[in-house]
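Residues per chain are reported as follows:
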Amino acid sequence: MKKNMLLIAVFLSSLNVLQAQKLDIIPQPVKIEQKEGTFIIPSSVQIFVDKKIQKSADYIEGNFFKNTGIKPIVSIGKGNKRDGISFLVDEKINLPNDGYELNVTKKGVLIKGKSTNGVLNGLQTLLQICSAKEVKKGTIPFVKIEDYPRFEWRGMMLDVSRQFFDKQTVKNYIDWLAAHKMNIFHWHLTDDNGWRAEIKSMPDLTLKGAWRGPGEVLLPSYGSGNKRYGGYYTQADMKEVVAYAAARGISIMPEIEIPGHSRAVTAAYPEIGCVTTQETKSVQGEVKNVWCVGREENYQILDSIIREVSEMFPFDYIHVAGDEVNRANWEHCPKCQALMAKEGFTDSFQLQNYFFRRVQTIVDKYHKKTNGWNEILKGGEINPNTLISAWQGINYGIESAKRGYETIMMPGQYTYFDMAQSENERGHRWAAITDTKRAYSFEPIPDSDLTPDQQKLIKGVQGALWSEYLDRPTRFVEYQSYPRISALSEIGWSKKEDKN
Ligand code: ACM
Ligand code: ZN
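Residues numbered from 1 in each chain as written. Chains lettered and ligands numbered in written order. Predicted model: local features only at pLDDT ≥ 70, side-chain atom pairs only at ≥ 80, totals over all residues. Heavy atoms only, no water.

Topic: the pattern of salt bridges
Tallying each qualifying case throughout the model produces 24 salt bridges. One salt bridge connects Lys288 with Glu279, and the closest N-O pair in it is separated by 2.7 Å. Residue classification places Glu279 among the partly exposed positions, given a relative accessible area of 40%. A network of salt bridges, in which partner residues are shared, links Asp159, Arg162, Asp191 and Glu468. (Salt bridge = Lys/Arg side-chain N within 4 Å of Asp/Glu carboxyl O. Buried < 20%, exposed > 50% of the residue type's maximum accessible area, 1.4 Å probe, protein only.)

Rendered as structure tokens:
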């Protein structure tokens, strides 16, 4: 008899496990305990939103409705009525940053976050449960979840230069990231083929540099054809998107590409580039796409650009690139050569390092920190608080951490979602053919001789969607992004041992 009871108990608990698995939350929560029974959502359910997260009340209301079909009555404050749903910020809960607890019982639903972002992470879990195929509409299974991220930085980059994506598309993209508990949107705002961010002190960056086609300063490229193609975001647009993202727990890191990938800049303001008699081409085949390092006025211009960008984006970091600079330009430019001679440089990477040390002085002046692509580490040391985006491979991230820099792992071989997903599909191939399984296999803290302190410098993971090939067909952005972002979100959030 005892044995039978035991068997029944084992059977029931395995049922619970099975049910819990059915909830299929992505990214997989740290601890999930499903219990028997369901909470029935009243048709006029009350939702209480802590004042501390008031900015997200509309988002919570709208998405609750979208995922349950039930229109809630939302009030701001710490209510805790029976049959209600409460969203509370509680800094004292014993969980890592941005963690949350979600409790669904017969009394109602309580979501407690360690921070406002913690609450939003809990909201995303609740929304996934409410919209799961296995869950009866209008009900929420009893469940107790304790959850927190493995990494503090879970990001995704979108290139809006090679193709321009309007404000609404960017907002949609941010919504998908939020749904996956990702917290950083890296907005690649400028590149050779279009400058997309209005800078009031340099109006031609967008009046001219945002457009390509017949009679424009930029030639057609990446499928833009024999027509005027382009677009840009006004400062009001960018502030609106920043606020939209903030309500969803996402910080936006703007990227201003310097000193390379700058054809749009020199097309609008030719004096910013080097004076060369010999044309050399960048990796992408662009000419004249490098800022002159020896032209002193350029640092005034950079000051005004960085000032305006700092005013629009409250996030701590500005990304100032540094990748794939065609340094041959500097080798043919008298001003750059004169500066090299004056500083006693023997190598053009030292000139690049000089450039970034000056840029960092400006970034510091506006109370921001610098993020750069891994090439920014060449030619000498830079400010120790620089964050490195390691894109060329895992080893570049290891090197960055060994040199003591905080590092984001985003190796193109795993996390560049512009790579084709199979042999027969559109997309780049230079890094790898990256299907979801390959993307999911990426481990941000590689087996290496990094010390525990160096491992801690790896702040997180990021994916990137470069847009050279995204001109068609429509919805190709989504096709390239999913489900690989789902895989990435789990790498950034879930425990390594829960990977499945
Ligand atoms: C890069 O992919 N050029 C950063
Ligand atoms: Zn020059």
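Now that the structure has been shown, the text picks up again.
A closer look at the coordination of the zinc ion (ligand 2)
Looking at the metal site, the zinc ion (ligand 2) is ligated by Cys274 (SG), Cys292 (SG), Cys333 (SG) and Cys336 (SG), spaced 2.3 to 2.4 Å from it. Metal-centred angles of 105 to 115° between the 4 donor atoms at the zinc ion (ligand 2) mark the site as tetrahedral. Expressed as a motif, the donor residue spacing for the zinc ion (ligand 2) is C-x17-C-x40-C-x2-C. (Donors = N, O, S within 2.8 Å, 3.2 Å for Na, K, Ca; no water. Tetrahedral: all angles 85-135°; square planar, octahedral: opposite > 155°, others 65-115°.)

So, the environment of Glu399
Tracing the backbone through its elements, the reader meets Glu399 in helix H12 (residues 394–402). Taking relative accessible area as the criterion, Glu399 reaches 35% and is therefore assigned partly exposed. Sequence-wise, Glu399 and Gln28 are 371 residues apart; in three dimensions their C-alpha atoms are separated by 30 Å. (Helix = DSSP H or I, 4+ residues; strand = E, 2+ residues; numbered from the N terminus.)

So, the nonpolar core
If you look at the biggest cluster of nonpolar residues, it comprises 129 residues, and the most contacted ones within it are Phe87, Phe185, Trp187 and Ile305. Other than its neighbours up to four places away in sequence, Phe185 contacts Met156, Leu158, Val170, Tyr173, Ile174, Leu177, Ile250, Ser251, Ile252 and Met253. With 10 residues, the next largest nonpolar core counts Trp373, Met419, Ala431 and Ala464 among its residues. (Core = buried A, V, L, I, M, F, W, Y, C linked by side-chain atoms within 4.5 Å. Contact = heavy atoms within 4.5 Å.)

Points about helix H8 (residues 297–312)
Taking 1.5 Å of rise per residue, the 16 residues of H8 would be expected to cover 22 Å, and the 24 Å separating its terminal C-alpha atoms lies within 8% of that figure. Burial analysis of H8 places 12 of its 16 residues in the buried class, the great majority of the element. Those residues of H8 lying buried are Asn298, Tyr299, Ile301, Leu302, Asp303, Ser304, Ile305, Ile306, Glu308, Val309, Ser310 and Met312. Contacts from the buried residues of H8 go to strand S11 (194–195), helix H5 (204–207), helix H6 (235–246), strand S14 (251–258), strand S15 (317–321) and helix H11 (348–365). (Expected span 1.5 Å × (residues − 1).)

Looking at H12
Of the positions making up H12, those classed as buried are Gly397, Ile398, Ser400 and Ala401. Buried residues of H12 fall within an arc of 160° about the axis and therefore sit on the same side. Those residues of H12 hidden inside the fold are in contact with strand S17 (387–390), strand S18 (406–409) and helix H15 (452–456). Directly beyond the C-terminal end of H12, a positive phi value near 95° is found at Gly404. (Arc of directions from axis to C-beta.)

Regarding the sheet that holds S18
One closed barrel holds the 8 strands; their spatial order is S8-S9-S14-S15-S16-S17-S18-S19, and the pairing between them is parallel. Within this sheet the neighbouring strands show an average axis-to-axis angle of 30°, counted without direction. Across 5 bridges, strand S9 (residues 184–188) lies against S14 in parallel orientation. Directly across from Trp187, in S14, lies its bridge partner Pro254. (Pairing = 2+ DSSP bridges. Axes fitted to C-alpha atoms, helices over the stretch in contact; angles between N-to-C directions.)

As for the side chain of Thr407
Structurally, the position occupied by Thr407 is in strand S18. Among all residues touching Thr407, those that are not within four sequence positions of it are Leu387, Ile388, Ala390, Gly397, Ser400, Ala401, Leu457, Ile458, Lys459 and Gly460.

Looking at the confidence of the model for the protein chain
Of the residues in the protein chain, 95% have a pLDDT of 70 or more, and the chain-wide mean is 94. Contacts of residues 10–21 to residues separated by more than four positions or lying in other chains number 3 contacts, the stretch itself having pLDDT below 50. (pLDDT = per-residue confidence, 0-100.)

Here we look at the pairing of strand S16 (residues 369–373)
The buried fraction of S16 is high, at 4 of 5 residues. Taken together, the 3 bridges between S15 and S16 define a ladder with parallel strand orientation. In the sheet register, Ile318 faces S16, and the bridge partner there is Thr370. Relative to S17, S16 is paired through 3 bridges, and the arrangement is parallel. Along S17, the bridge assignment pairs Gly372 with Ile388.

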